[in-house]
Amino acid sequence: MIFQKKYAMLIPVKKDIKVKFSNYFIPTLKEEPSGVDYLSQKLMLKSGMMKQVSSGLFVYLPTFMRVAEKVCKVIHEKMESVNAVPVKFPILVAKEDLVATNRWDAYGDEMFRLKDRNKKEYAISPTNEEYACFMAKNFIKSAKNMPFCVYQIQQKHRDEIRPRGGVMRAREFIMKDAYSFHPSTQSLDEYYIKMENAYKEIFNTFGLDFVEVLADSGAMGGKECHEFMSVCDKGEAEIAVCECGFCANMELAPNGVCPECGKPIAKVLQGNEMGHIFKLKTRYSDPLNLTFINADGKPEILQMGCYGIGVERVICSIIEQNNDARGIAFPEIVAPFVVNIITANMKDEAQVHLSEEIYHELTALGVEVIWDDRADRLGSKLADSELIGIPYNILVGKNATEGKAEFFARCGEKTLLSKEEIIAKYKK
Ligand code: ATP
Ligand code: MG
């Protein structure tokens, strides 16, 4: 197993920029998947990104892994930009720790529970606030050690009543969860804004159409919690949008009035929650007695924030917003491959030779290339490329004898170019 140096997800990915279709694994389906709730779900199944193995449980296949790794890379970079540092918490949490914060009872049936060989009870933790507090306890001594923020990207498990939409609402999914620690509410407020901006940058990097909405933070009140929703007609969440620009979760605007300016709600959008940021304040630090020594030399309970992003929800949202009748139209930044070299006829020596040369030269330039070297019909190879969502194609056909091939963006116009002209496009 190869762990990529810095930006790997916890799941090990062997990052190969050079891939031949014939010995890779992209099991595209000819038939339409049935019983799907979302277009993204259909396309992910059909394009061979994933396969369902049980209710709400999916195997992620190689193209999914490549897309997820790219999404995670952007998340890692933006977390680094707000000085959050990577950690990994255990997935199992002992009952007593969750009892201490009242989550053992409050979480209800959505939390998976199990026993060890000594009958000691555990939960598969839905998030890791308790362990984040335990971790901080021996390190944070005074205000000088803060703000301090840690994050992980790892699997979460939730026993959803109704798993839906493939990995949009699954029972196992990947979350980026971050936990910040502060000596004052002012420090928390300042850091929260930084994180809010980092979130906007993340979703903008993927070109997503999204809105940030004020959400219900239970008893706490105030502007303590925001959700980032990708706009989607079939989205599960209803978003109230006011003329004043303010967006709120419908739970906060049930009377049809904007909670910010008091005017009637102008429109209601549907969306899917991709991320959630929350001022926890002392919700966990108080019951777990997480303190620092303040300026008066006295122990004081510290302030916390937590910040989640669902990696699959981001991927599903990108696909919901970038597709057509032929398949997924991935933006280059997250596409599993950037270029597909399609050899029209693998029995033609000139075509194979030219394809191979382009393949080696592009990969030497660091371009993520797949070579469709299968013996299949050209039509089905082109259809697969459009379904999988590879942004650029190089079709090596009968002009191979003159050293030329057709270059075209997904579903775009073809241009006949020499090998040198093609390579020059990537020599920057
Ligand atoms: P929802 O209201 O959709 O159930 P949540 O409020 O339970 O979401 P959080 O606890 O805030 O979600 O988790 C952080 C993020 O994890 C969410 O913003 C979402 O992107 C993702 N997420 C939550 N539940 C699931 C799930 N079952 N499958 C995939 N992603 C999920
Ligand atoms: Mg939920």
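Coordinates for the structure precede this section.
One structure accompanies this document, and this report is about it. Because the structure is a prediction, the values reported are computed rather than measured.

Rules used throughout
- Residue numbers run consecutively from 1 along every chain, following the written order of its sequence.
- The lettering of chains begins at A and the numbering of ligands begins at 1, in the order of writing.
- It should be noted that, the model being predicted, local features are given only for residues of pLDDT at least 70 and side-chain atom pairs only at 80 or more, the latter also being counted only at that level, while totals for whole chains, interfaces and linings use all residues.
- No hydrogens and no water enter the side-chain calculation; it runs on all heavy atoms of the structure.
- Pairing of aromatic rings covers Phe, Tyr and the six-membered ring of Trp, with a centre-to-centre limit of 6.5 Å; geometry is then stacked below 30 degrees between planes, edge-to-face above 60, and tilted otherwise.
- Going along the chain from the N terminus, every DSSP run of H or I of four or more residues is numbered as a helix, and every run of E of two or more is numbered as a strand.
- Buried, partly exposed and exposed residues are distinguished by accessible area as a fraction of the type maximum, computed with a 1.4 Å probe on protein chains only: under 20%, between the cut-offs, and over 50%, respectively.
- Strand pairing requires that DSSP identify at least two bridges connecting the strands.
- Every axis in this analysis is a line fitted to C-alpha atoms, fitted for helices over the stretch in contact. Angles between the N-to-C directions lie between 0 and 180 degrees.
- Should an angle fall under 35 degrees it is taken as roughly parallel, and over 145 as roughly antiparallel, whereas 65 to 115 is taken as roughly perpendicular and any remaining angle as oblique.
- Should any heavy atoms of two residues lie within 4.5 Å, those residues are considered in contact.
- Throughout this entry, Asp, Glu, Lys and Arg are counted as charged residues, while Ala, Val, Leu, Ile, Met, Phe, Trp, Tyr, Cys and Pro are counted as nonpolar. The remaining residues, Gly among them, count as polar.
- The method works on a 1 Å grid over the protein atoms by themselves. A cavity is a set of points holding a 1.4 Å probe that cannot get out, a pocket is an open set with protein on both sides within 12 Å along at least five of seven lines, and residues with an atom within 4 Å of a point line them.
- Grid points are joined across faces, edges and corners, and a volume is the space filled by probe spheres set on the points.

### Some details on the packing of aromatic side chains
Thinking step 1. Scanning the entire structure with this criterion turns up 15 aromatic pairs.
Thinking step 2. Ring centres of Tyr191 and Tyr307 lie 6.2 Å apart, and the angle between their planes is 65 degrees; this geometry places the pair in the edge-to-face category. Of the two residues, Tyr191 is situated in helix 6 (residues 185-205) and Tyr307 in strand 17 (residues 303-310); the sequence distance between them amounts to 116 residues.
Thinking step 3. Classification of Tyr191 by relative accessible area gives buried; the value is 5%.
Thinking step 4. By relative accessible area, which is 1% here, Tyr307 ends up buried.
Thinking step 5. Consider the rings of Tyr392 and Phe407, whose centres lie 5.8 Å apart with planes at 20 degrees: the pair is stacked.

### Details of the sheet that holds strand 7 (residues 121-124)
Thinking step 1. In spatial order, the strands read 5-7-6; together these three strands make up an open sheet with antiparallel pairing. In this open sheet, the two edge strands, each paired with only one partner strand, are strand 5 (92-94) and strand 6 (112-115). Each neighbouring strand pair of the sheet contributes to a mean axis angle of 35 degrees, computed without reference to strand direction.
Thinking step 2. Looking at chain direction, strand 6 and strand 7 are connected through four bridges and run antiparallel. Bridge pairing links Lys115 to Glu121 in strand 7.

### Comments concerning the packing of helix 1 (residues 39-46) against helix 7 (residues 311-321)
Thinking step 1. With their axes 8 Å apart at the nearest point, helix 1 and helix 7 run at an angle of 100 degrees to one another. With respect to their mutual orientation, helix 1 and helix 7 come out roughly perpendicular. Between helix 1 and helix 7, the contacting residues are Leu39, Ser40, Leu43 and Met44 on the first element and Ile315, Cys316, Ile319 and Glu320 on the second.
Thinking step 2. The residue makeup of the contact of helix 1 with helix 7, split by class, is six nonpolar, one polar and one charged.

### Concerning the layout of surface pockets
Thinking step 1. Here the largest pocket is characterised by a volume of approximately 1,200 Å³.
Thinking step 2. Around the largest pocket, the lining comprises 41 residues; the ones closest to its centre are Tyr107, Thr127, Arg158, Glu273 and His276.
Thinking step 3. Taken together, the elements giving at least two residues each to the lining of the largest pocket come down to helix 4 (103-106), strand 9 (172-182), strand 11 (225-231), strand 14 (267-281), strand 17 and helix 7.
Thinking step 4. Per element, the largest residue contribution to the lining of the largest pocket is eight residues, and it comes from strand 14.

### Considering helix 7
Thinking step 1. Most of helix 7 is tucked away: ten of the eleven residues are buried.
Thinking step 2. Of the residues making up helix 7, those classed as buried are Val311, Glu312, Arg313, Val314, Ile315, Cys316, Ser317, Ile318, Ile319 and Glu320.

Taken by themselves, the reported measurements are silent on function.
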